[in-house]
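Residue strings, one per chain:
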Amino acid sequence: AGCPSTARRQVEVDFNEKHNCVVGANGAGKSNFFLAIQFVLGDVGLHNLRAEERKGLLHEGAGTHVLSAYVELVFDNADGRLPVDRAKAGGGRLQ
């Protein structure tokens, strides 16, 4: 997601199978991290985000704001939990 903490770079997060916690200073992008996940899973679109949330997802640092966002999630499926014949599964969304 193009939020202040992750604009134009790949972020890889290894989740624990039991509990996970996302922490960081104010303005670090915690809320945008979760909005990006909701965005790619189809739960939210840019049109139904509050203006502040939309601005956060489409932020490009101190420069100009961008008009679109691309988020991709990739899940490790080495253990075969997902019903696909691939070691990795996922999808992305552009808006």
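Preceding this section is the structure that the text describes.
First things first, this report covers the structure right here in the doc. Every chain is numbered independently, its residues counted from 1 as its sequence is written. With the structure being a predicted model, the display of local features is reserved for residues of pLDDT at least 70 and the display and counting of side-chain atom pairs for 80 or more, all residues being used for whole-chain, interface and lining totals. To obtain the side-chain values, all non-hydrogen atoms of the structure were used and water was disregarded.

### Thoughts on the nonpolar core
Residues belong to one nonpolar core when they are buried, are Ala, Val, Leu, Ile, Met, Phe, Trp, Tyr or Cys, and are joined through side-chain atoms within 4.5 Å. Any residue under 20% of the maximum accessible area for its type is buried, any over 50% is exposed, and the rest in between are partly exposed; the area is computed with a 1.4 Å probe on protein chains only. Counting five residues, the largest nonpolar core consists of Ala-36, Phe-39, Val-40, Val-71 and Leu-73. A run of H or I in DSSP counts as a helix once it spans at least four residues, and a run of E counts as a strand once it spans at least two, with each numbered from the N terminus. If you list the elements that add at least two residues to this core, you get α1 (30-40) and β1 (70-76). Top contributing element to this core by residue count: α1, with three residues. Contact definition: two residues touch when any of their heavy atoms are within 4.5 Å. Val-40 has contacts with Val-71, Glu-72, Leu-73, Gly-91, Gly-92 and Arg-93, leaving out every residue within four places of it along the chain.

### What to know about the packing of aromatic side chains
Pairs were defined over the aromatic rings of Phe, Tyr and Trp, the Trp ring being its six-membered one, requiring ring centres within 6.5 Å. Orientation was assigned from the angle between planes: stacked under 30 degrees, edge-to-face over 60, tilted for the rest. Per the stated rule, a full pass over the model turns up two aromatic pairs. Pairing Phe-33 with Phe-34 gives two aromatic rings, centres 5.1 Å apart and planes at 80°, and the pair type is edge-to-face. Phe-34 sits in the partly exposed class, given a relative accessible area of 43%.

### Some thoughts on the pattern of salt bridges
Each salt bridge in this description consists of a side-chain nitrogen of Lys or Arg and a carboxyl oxygen of Asp or Glu lying within 4 Å of one another. Using the criterion set out here, one finds one salt bridge in the structure. Where Arg-81 meets Asp-79, a salt bridge forms, and the shortest distance between an N and an O atom there is 2.8 Å. Side by side, Arg-81 and Asp-79 carry an identical accessibility label, which is exposed.

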